[in-house]
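Chains, contacts and geometry: an overview
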Amino acid sequence: MNFSSIRSATVITVLVLLSLPINVHVEQETKPPYVPNQTVDGEPDLQGIWQAMNTAAWNIQNHSARHEVPAGQGVVDGNEIPYQPWAVKQKTVNFETRSTADPEVNCYMPGVPRITYMPHPFQILQFSNRILILYEYVHVTRTIYMDGSPHPDGHIDFWMGDSRGHWEGNTLVVDVIHFNDRTWFDRAGNFHSDALHIVERYTPTSPNHLQYEVTIEDPKVFTRPWKMSMPLYRRQEPEIQLLEYECYAYAEQELADGK
Amino acid sequence: MTILKSVSSVIAVAGLLLSWSFIVNILTRDVIAENFIMVVEASTSNTPSTSLPRQSSRTPRTSNGHPDLEGFWEGGPLNASHSIEEGCCDPIHARMQSRGPERLGLPDQLVVNPSSGRIPYQPWATEIRTEHLFNMETPTSLEHIDPEDRCLLLGTPRSNYRGDLQIRQSADHIVILYEWTHAYRVIPTDGRPHLSEGINLFNGDSRGHWEGDTLVIDVTNFNDRPWLDSHGSFYSKEMRVIERWRLLDADTLQYEATVEDPAVFTQQWTMAFTMNRIKQSGYEFFEEACWEGVTNKHRLAAGRIAVDAGERRIHTHEGQK
């Protein structure tokens, strides 16, 4: 390489470097972040009936189709779940025995974040100092305390955890601990322990979309925290309302026999 | 405090599920349920219900001027969920729950119309209900067991007299959360019509509106699976319930439900009671994971043994004083 080509390369590099922040700046100017409406209490208004539209309920990772399982692009960042070695084996066992071992088969409360991407709608309602998320699936409810109160002392084995939230700009951030070790992340056997700690982030990106991000931390099962993300969609039907999916009530006899 | 209360009730439930006395005492259907109430109500007592308005100028109001019903409320009166006609139960039952004999029966008559305090069944329905009273003593299949003990949604109005509830109010919705089986109702108050026919729900489809200071909730689209109490009081999919909720003062809520079901009853009938506010600061509901912990197979096994031994008998409160 001669001197002039080095000089040209340097000039190009400098130009490229100079242009990068400018491009980013221009993009920000042309696409300002969405500003949601506010509730009567002056909070970003996330209220309404929402539903995920993806295949995470079957498998949060990339997967091919099977009988009664649509193929799907995963919702895990980088597609890798950083299991500890023993947990890789456990996940395999879970997958092989999923037709009986999956807690969903027994209609148990599905835990967080799994409830978010079950194929059923849920409703967010905001009140002073608390946000309610009501789920159609086995009438699960979550109260997200927004009054700055801490998690109660524990450990407590809740199926749906204990949720305490706060706002970061227009993003609802929810910290959830106090889980039991009996729920899974999906029908493919991805799992956690009672040391699960999750942080959910709900960010409105349009009147009809929330971006949902959840960080998963569990030092008993994973080698590092990992993340899932997906959009949530507002149900558009004008008369949409939550109905009932009383899972166990529809198969009570066969489920009761197993208990 | 809340956690202590809740943990102790979970321990009580777990203990009862495991205990032999639970299996032996199949006479006492509501053991789990009523222990839960017992712990919750520990330091409170029910105010006698009254149908006279005691409207107070201190009625708290929301920013849009309606009475503010928000907060935690003790569900309806003690023993109502066992029987809205008779309450509960007998000295053995009371002793098991560490209650004195004064806690038997109902604090006040719950069914206020008809004045007999009894549900006005049509003759065929009386027969079905009697059959339920036999089956509940010696259950041999799941449907003989009170739906409450099977963790099914209790339906409306029973949810309102089976444990504590929480009301939240916004401009166009009332939400009622029930601690028992973490049930909820979302009640639009924006005037939208009911669901169309063909969708039947355990809790029914609720639409609310205000008549003066009274919240009126019209409930339709029921399925026929819940009971009104442990005594097998039942209804059909044709049922319609009109609830009337009114603050008597800041800490007392008057509740009335008028029940109409021409397929089962001879006339409309009405129940009424009051609820007291739970004033403990920082109070929170616990997660009441009913289905995840329940088992009824021992009760069925005991029921089958009793039936095989020719011991089928009706459930009564003969021993009640």
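Please refer to the structure higher up on the page.
Read on for a plain summary of the structure. (Residues numbered from 1 in each chain as written. Chains lettered and ligands numbered in written order. Predicted model: local features only at pLDDT ≥ 70, side-chain atom pairs only at ≥ 80, totals over all residues. Heavy atoms only, no water.)

Counting secondary structure elements, chain B contains 6 helices and 10 strands. Evaluated residue by residue, chain B yields a buried proportion of 60% over its 321 residues. The contacts of chain B with a sequence gap of at least 6 include a subset with a gap of at least 24, amounting to 67%. About 12,900 Å² of surface is accessible on chain B, with carbon and sulfur atoms providing 54% of the total. (Helix = DSSP H or I, 4+ residues; strand = E, 2+ residues; numbered from the N terminus. Buried < 20%, exposed > 50% of the residue type's maximum accessible area, 1.4 Å probe, protein only. Contact = heavy atoms within 4.5 Å. Areas by Shrake-Rupley, 256 points an atom, 1.4 Å probe, with all protein chains shown as cover.)

All right, on to the packing of aromatic side chains then. Residue and element names in this part refer to chain A. In this structure the tally under the stated criterion is 24 aromatic pairs over all chains. When the ring of Tyr202 is compared with that of Tyr212, the centres are 4.9 Å apart and the planes differ by 55°; the resulting orientation is tilted. Placement of Tyr202 in strand E7 (residues 197-206) and of Tyr212 in strand E8 (residues 209-217) is noted, with a sequence separation of 10 residues between them. Using a relative accessible area of 0% as the deciding quantity, one classes Tyr212 as buried. (Phe/Tyr/Trp six-rings, centres within 6.5 Å; stacked < 30°, edge-to-face > 60°.)

Turning our eyes to something else, we now look at the sheet that holds strand E10 (residues 269-276) of chain B. Strand pairing in a sheet relies on backbone hydrogen bonds, with the paired strands running either antiparallel or parallel. Residue and element names in this part refer to chain B. Pairing is antiparallel in the open sheet, where 6 strands are placed in the order E2-E10-E9-E8-E7-E6. Either end of the sheet is taken by a strand with one partner, and the two such strands are strand E2 (111-113) and strand E6 (205-211). Geometrically, the sheet is characterised by an average inter-axis angle of 25° between neighbouring strands, direction not taken into account. With 8 bridges joining them, strand E9 (residues 252-260) and E10 adopt antiparallel strand pairing. The residue of E10 that forms the bridge with Ala257 is Met271. (Pairing = 2+ DSSP bridges. Axes fitted to C-alpha atoms, helices over the stretch in contact; angles between N-to-C directions.)

Bringing helix H6 (residues 297-308) of chain B into the picture now. All names here are of chain B. With 12 residues, H6 ought to run about 16 Å at 1.5 Å a step, and its terminal C-alpha atoms sit 16 Å apart, in line with that. What H6 keeps buried is the set Arg299, Leu300, Ala302, Gly303 and Ala306. Buried residues in H6, looked at end-on, bunch into an arc of 165°, giving them a common side. Looking at H6, the residues exposed on the side facing more than 90 degrees away from the buried face are Ile305 and Asp308. (Expected span 1.5 Å × (residues − 1). Arc of directions from axis to C-beta.)

Moving on: the side chain of Gln84(A). Residues and elements named next belong to chain A. Structurally, Gln84 is set in the loop between strand E1 (48-52) and helix H2 (85-96). You can call Gln84 buried: its relative accessible area is 17%. Of note is the side chain of Gln84, whose polar atom sits 3.1 Å from the backbone oxygen of Phe222. Residues in contact with Gln84, not counting those within four places in the same chain, are Pro219, Lys220, Val221, Phe222 and Thr223. (Polar contact = N/O pair within 3.5 Å; in protein donor to acceptor, adjacent residues only side chain to side chain.)

Residue and element names in this part refer to chain A. Tracing the backbone shows Pro121 in the loop between helix H3 (98-101) and strand E2 (122-127). Judged by its relative accessible area of 6%, Pro121 falls in the buried class. The sequence separation of Pro121 and Trp50 amounts to 71 residues, and the corresponding C-alpha distance is 5.6 Å. Beyond its immediate stretch of four places on either side in the chain, Pro121 contacts Ile49, Trp50, Gln51, Tyr135, Glu136, Arg235 and Leu242.

Residue and element names in this part refer to chain B. By the definition in use, this model includes 31 salt bridges over all chains. Across the pair Arg158 and Asp146 runs a salt bridge, and its minimum N-O distance is 2.9 Å. Taken together, the residues span a long stretch of sequence, with Arg158 in the loop between helix H5 (123-137) and strand E3 (165-169) and Asp146 in the loop between H5 and E3 at a distance of 12 residues. In this pair, the class of Arg158 matches that of Asp146, namely buried. (Salt bridge = Lys/Arg side-chain N within 4 Å of Asp/Glu carboxyl O.)

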